[in-house]
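Structural overview
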Number of protein chains: 2
Amino acid sequence: MRRQPALILRGLAAALSLLLLACHVALAQNDPLPSWNDGAVKTAVTAFVERVTADGSSDFVPAPERIAVFDNDGTLWCEQPVYFQVAFAFDRVSALAPQHPEWKTEEPFRSLLAKDMKTFTANGEKSVLAVIAATHAGMTTDDFRQAVLDWIATAKHPRFNRLYTDLVYQPMLELLGYLRANGFKTFIVSGGGIEFMRPWTEKIYGIPPEQVVGSSAVTQFDMGADGKPVLMKLAKTEFVDDGSGKPVGINRFIGRRPIFAFGNSDGDLQMLQWTAAGAGARFMGLVHHTDAEREYAYDRQSSVGRLDKALDEAAARGWTIVDIKRDWGRVFAWE
Amino acid sequence: MRRQPALILRGLAAALSLLLLACHVALAQNDPLPSWNDGAVKTAVTAFVERVTADGSSDFVPAPERIAVFDNDGTLWCEQPVYFQVAFAFDRVSALAPQHPEWKTEEPFRSLLAKDMKTFTANGEKSVLAVIAATHAGMTTDDFRQAVLDWIATAKHPRFNRLYTDLVYQPMLELLGYLRANGFKTFIVSGGGIEFMRPWTEKIYGIPPEQVVGSSAVTQFDMGADGKPVLMKLAKTEFVDDGSGKPVGINRFIGRRPIFAFGNSDGDLQMLQWTAAGAGARFMGLVHHTDAEREYAYDRQSSVGRLDKALDEAAARGWTIVDIKRDWGRVFAWE
């Protein structure tokens, strides 16, 4: 069958017009943030994204500079009753106990294994640091990665009896996708361990390892006896990506100032200040945990994820504060 | 005008077929690596890329895992007669001298300003480190960035009398573009300063700041008197991204093992070993500087970019060695 080029082109143009119309209608009908209740917070998010992405907008930001940073614990997933990485470390002690008979008498391992939490917590942070050192060091990065993957695929949250990865916030997943669909590059900037997050963030959040910034221990390059090099994790802190460490981590790993930042605790304050201090339009957001029924309610007095100074500064400077009870129609995907 | 949907679809299909055919012809005619001479090296590069990208290939690698890392000095741009960052530091001493009257008598600044290189070099590395500290610290990251941008826009190379950014290797620019067109994510992993490279790598190499790994000094978050936070660069080394530091830097910043790595000196050996030790198809390449006429010729005896052990290991393990004289039809774009 032979056809005139002009006819082909007209057919093509007509087909493309129909396609564009269909896309337009579909977009108008599909709310990209369905788990966010309508209101000032949702509008603040979408209005900001429209301002920085609309051609000809005075606040337009070129796509490569659309850097968005998110804290992880308490911002993208739950952090109660303890940071999930602490739960991982405790479970690792049980898993490793057969190889460490001395732990039967050695503190803090004895009390942890005996579930004698009174003795364990009596030594406070020292106990937790000893557990972190014993469970996060003295192995290769590859072996640690596998330990994280094994744990995250099976361990359950004590209250919800679900995988920890089921406890990511559905509204934040939607927000990450919405930002990426609008040309943003999304990063995690967390006080949590970088090697603890990277094995699963791509699958769960769509955030690849190279866009995860976190705390780290020193690693050492060793040439194995078989001629295969390994990286050994040492029991020595390299970088704490929390508080004023967050802008330092952003500068070191990303090398650009974000225009969009979301946190939930005082550990995120400097990241929000650093984001706010750039030129042009910026968005600073805080998740305020206000829903004890669907999740947890805590702020100024909490030992995990304390939100006190940052809450005051957010109010004073007009940053966006998400009230989970009011602003999120759904907290978890499985509700 | 009303038209049958079936006709529109047939017209669309015919137009797409024509388009695909045109693309195919255009690709076959357009060599993506025109500055590379035909031969074993060029074939090794293209054969590798085809192996890991062809659907159904037993060596297929999904796009997110196509991580390619490149050393910078001597691999992507020239590094003779001194690392360009050293030239920057020396020029900064002249620029800053009016603010430092004490440098008229204080070594190593006195001898450097007087162009008394005999005295300057008599103190060896100590002199260079003092200059780096004086020119790379005690200022904000924003101010340092501006100093780099000012210098790179104007400073000229002593032999070629051209901007330093004119001394990037045209074949490597083509290789970066070719890899990206095939779904690779390209990173710099350099012993050079991360804050020295990031201001210009996106424009020159198409590599954004967040894909640049390098050596760094400690930065400190300070709240300015005006309530605007700054990051101050301190005269304290944080990380040396050279030698066995390169796999450490790759693990810390990228969090995935590369499948493609290119270097040019012994400082790249561990990066190449680390890349080689992964499972599946890998490409390890070395640039061997063999062309004194068009660029420079140096290897085992050079104090800048020494290539000795890595040259032996590359030969023993069958890594790809680029002989500039033989393999590059053009070294610089302006030739």
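Residues numbered from 1 in each chain as written. Chains lettered and ligands numbered in written order. Predicted model: local features only at pLDDT ≥ 70, side-chain atom pairs only at ≥ 80, totals over all residues. Heavy atoms only, no water.

1. Thoughts on the overall build of chain A
Applied cut-off: By definition, any uninterrupted DSSP run of H or I lasting at least four residues is a helix, any uninterrupted run of E lasting at least two residues is a strand, and each is numbered from the N terminus. Burial classes: relative accessible area under 20% of the type maximum marks a residue as buried, over 50% as exposed, and values in between as partly exposed (1.4 Å probe, protein chains only). Residue contacts are defined here by distance: any two heavy atoms, one from each residue, within 4.5 Å place the two residues in contact. Using a 1.4 Å probe, the Shrake-Rupley method yields the accessible areas, and only the shown protein chains count as cover for residues.
Counting secondary structure elements, chain A contains 13 helices and 9 strands. Overall, chain A is about 85 × 55 × 40 Å in size when its C-alpha atoms are taken along their principal axes. For chain A, the residues scored as buried account for 52% of the 335 residues in total. Partitioning the intrachain contacts of chain A with sequence separation of at least 6 by distance along the chain shows that 66% fall at a separation of at least 24. Taken as a whole, chain A presents about 15,000 Å² of accessible surface, with 55% of it coming from carbon and sulfur.

2. Here we look at the pairing of strand β4 (residues 212–223) of chain B
Residue and element names in this part refer to chain B. Note the cut-off: DSSP bridges decide pairing: two strands pair if at least two such bridges lie between them.
Sheet topology note: the strand β3 (residues 185–193)/β4 ladder contains 3 bridges and is parallel. Within the sheet, the bridge partner assigned to Val189 lies in β4 and is Val213. Across 7 bridges, β4 lies against strand β5 (residues 229–239) in antiparallel orientation. Each residue of the ladder has a partner; that of Ala217, found in β5, is Thr237. Counted along the chain from β4 to the antiparallel partner β5, the turn is 5 residues long, and its residue Gly227 has a positive phi close to 80°.

3. Re the domain arrangement of chain A
Residue and element names in this part refer to chain A. Stated formally: Marked domain ranges trace back to an automatic or database domain assignment. Two parts placed together each lose some accessible area under a 1.4 Å probe, and the buried area is that loss summed for both. Salt bridges, as used here, are contacts in which a Lys or Arg side-chain nitrogen is within 4 Å of a carboxyl oxygen on Asp or Glu. Definition of a polar contact: a pair of N or O atoms within 3.5 Å, with one able to donate and the other able to accept a hydrogen when the atoms are protein atoms, and with sequence-neighbouring residues admitted only if both atoms are side-chain atoms.
Here the domain parsing of chain A yields domain 1 (32–81 + 161–327) and domain 2 (84–152). Overall, the association of domain 1 and domain 2 removes approximately 1,700 Å² of surface from exposure, summing both partners, and the carbon and sulfur fraction of that is 74%. Counting across the domain 1 and domain 2 interface gives 0 salt bridges. Inspection of the domain 1/domain 2 interface yields 4 residue pairs in polar contact (both at pLDDT 80 or more). Elements with a minimum of two residues in the side of domain 1 that touches domain 2: β3 (185–193), α9 (194–205) and β5 (229–239).

4. Re the side chain of Glu79 of chain A
Residues and elements named next belong to chain A. Note the following rule: Counting rule applied: Lys, Arg positive; Asp, Glu negative; His and chain ends not counted.
By the secondary structure assignment, Glu79 is in the loop between β1 (67–70) and α3 (84–96). The buried charged residue Glu79 lacks any salt bridge, with Lys246 as its nearest oppositely charged partner at 9.0 Å. In terms of polar contacts, Glu79 uses its side chain to reach the side chain of Tyr298, at 2.6 Å.

5. Considering the environment of Gly305 of chain B
Checked against the element boundaries, Gly305 of chain B lands in the loop between β8 (297–298) and α12 (309–317). Along the sequence, Gly305 of chain B and Glu79 of chain B sit 226 residues apart, while their C-alpha atoms lie 7.4 Å from each other.

6. Brief notes about the interface of chain B and chain A
Applicable threshold: Polar here means any residue outside two lists: the nonpolar Ala, Val, Leu, Ile, Met, Phe, Trp, Tyr, Cys and Pro, and the charged Asp, Glu, Lys and Arg; Gly therefore counts as polar.
In this complex, chain B contributes 47 residues to the contact, which on the side of chain A involves 47 residues. Between chain B and chain A, a total of about 4,000 Å² is buried, with carbon and sulfur atoms accounting for 56% of that surface. Considering only the surface of chain B that becomes buried against chain A, Glu210, Phe221 and Arg252 of chain B emerge as the three largest contributors, covering 18% of it. At the boundary of chain B with chain A, the tally comes to 12 salt bridges. Arg252 of chain A is paired through a salt bridge with Glu238 of chain B; the nearest N and O atoms lie 2.6 Å apart. In this assembly, chain B and chain A are joined by 27 residue pairs in polar contact (both at pLDDT 80 or more). Looking at the side of chain B that touches chain A residue by residue, the class counts come to 24 nonpolar, 10 polar and 13 charged.

7. Some words on the packing of aromatic side chains
Residue and element names in this part refer to chain A. Rules: In this analysis, rings of Phe, Tyr and Trp, with Trp reduced to its six-membered ring, are considered paired at centre separations within 6.5 Å, and the interplanar angle assigns stacked below 30 degrees, edge-to-face beyond 60, and tilted for intermediate values. Charge-over-ring contacts are defined here by two conditions on Lys NZ or Arg CZ: a distance within 6 Å of the ring centre and an angle within 35 degrees of the ring normal.
A full pass over the atoms with the stated rule returns 55 aromatic pairs over all chains. Their ring planes at 5° and their centres at 6.1 Å tell us that Phe70 and Phe262 sit as a pair that is stacked. Separated by 192 residues along the polypeptide, Phe70 in strand β1 and Phe262 in strand β6 (residues 260–263) bring together distant segments of the chain. Summarising the burial analysis for this pair, Phe70 and Phe262 share the class buried. Three or more aromatic residues joined by ring pairs form one cluster here, namely Trp77, Phe84, Phe88, Phe144, Trp151, Tyr164, Phe196, Trp200 and Tyr205. If you follow Lys233 out to its NZ or CZ, it ends over the ring of Phe144, 4.5 Å from the centre.

8. Quick notes on the nonpolar core
Inclusion rule: By nonpolar core we mean a set of buried residues, namely Ala, Val, Leu, Ile, Met, Phe, Trp, Tyr and Cys, connected to one another through side-chain atoms within 4.5 Å.
If you look at the biggest cluster of nonpolar residues, it comprises 158 residues, and the most contacted ones within it are Leu175 and Phe260 of chain A together with Leu175 and Phe260 of chain B. Apart from residues no more than four positions distant in its own chain, Leu175 of chain A is found in contact with Leu33, Trp36, Val45, Phe70, Phe260 and Phe262 of chain A.

9. As for the side chain of His157 of chain B
Residues and elements named next belong to chain B. Along the chain, His157 falls in the loop between α7 (141–152) and α8 (170–181). Judged by relative accessible area, which is 1%, His157 ranks as buried. Within the structure, the side chain of His157 is placed 3.2 Å from the backbone nitrogen of Phe160, a separation counted as a polar contact. The residues contacting His157, other than those within four sequence positions of it, are Cys78, Gln80, Pro81, Phe84, Arg162, Tyr164, Leu167 and Tyr296.

10. Quick notes on the relation of the copies chain B and chain A
For clarity, the threshold we go by: All copies are superposed by least squares; the fitting set is the C-alpha atoms of residues with a pLDDT of at least 70 in both.
By a simple turn and slide, chain B fits onto chain A: the slide is 0.0 Å along the axis, the RMSD is 0.0 Å, and the turn is 180°. Such values leave the two copies arranged in the relation of a two-fold axis. Looking at chain B, 100% of its interface residues are interface residues in chain A too, so the copies touch through the same face.

11. Examining helix α2 (residues 40–53) of chain A
Residue and element names in this part refer to chain A. As a reminder, the rule being used: Expected helix span is given by 1.5 Å per residue-to-residue step, counting one fewer step than there are residues. The reported arc concerns the directions from the helix axis to the C-beta atoms and nothing else.
Its 14 residues give α2 an end-to-end C-alpha distance of 20 Å, which sits within 8% of 20 Å, the value for a rise of 1.5 Å per residue. Within α2 the residues assigned to the buried category are Val41, Lys42, Val45, Thr46, Phe48, Val49, Val52 and Thr53. Each buried residue of α2 lies within a common arc of 155° when the element is viewed along its axis, so the set occupies one face.

12. Overview of α8 of chain B
All names here are of chain B. Across its 12 residues, α8 extends 17 Å between first and last C-alpha, which sits within 8% of the 16 Å expected from 1.5 Å per residue. Taken together, the buried positions of α8 are Gln170, Pro171, Met172, Glu174, Leu175, Leu176, Tyr178 and Leu179. In this structure, the buried side of α8 is in contact with α2 (40–53), β1 (67–70), β3, α9 (194–205), β6 (260–263) and β7 (283–290). Just beyond α8, the residue with positive phi is Gly183, at close to 85°.

13. A look at the environment of Ile132 of chain B
Tracing the chain through its elements places Ile132 of chain B in helix α6 (residues 125–136). Judged by relative accessible area, which is 27%, Ile132 of chain B ranks as partly exposed.

14. Re the pairing of β6 of chain A
Residue and element names in this part refer to chain A. Applicable threshold: By convention, orient the strands away from the viewer: a clockwise path from the first strand over the helix to the second makes the crossover right-handed.
Alternating positions in β6 separate into two faces, Phe260 and Phe262 on one and Ala261 and Gly263 on the other, with burial throughout. Across 4 bridges, β6 lies against strand β7 (residues 283–290) in parallel orientation. When the bridges of β7 are listed, Phe260 appears paired with Phe283. The β-α-β motif built from β6, the intervening helix α11 (residues 269–276) and the parallel element β7 has right-handed crossover chirality.

15. A closer look at the pattern of salt bridges
For the structure on display, the rule yields 38 salt bridges over all chains. Ionic pairing is found between Lys42 of chain A and Asp31 of chain A, a salt bridge with its closest N-O pair at 2.5 Å. On the criterion of sequence distance, the pair formed by Lys42 of chain A in helix α2 and Asp31 of chain A in the loop between α1 (5–29) and α2 is long-range, its members being 11 residues apart. Accessibility expressed as a relative area gives 8% for Lys42 of chain A, which makes it buried. Take Asp31 of chain A: its relative accessible area is 36%, and that puts it in the partly exposed class. We note a salt bridge from Lys42 of chain B to Asp38 of chain B, for which the minimum N-O separation is 3.4 Å. The exposure class assigned to Asp38 of chain B is exposed, which follows from its relative accessible area of 71%.

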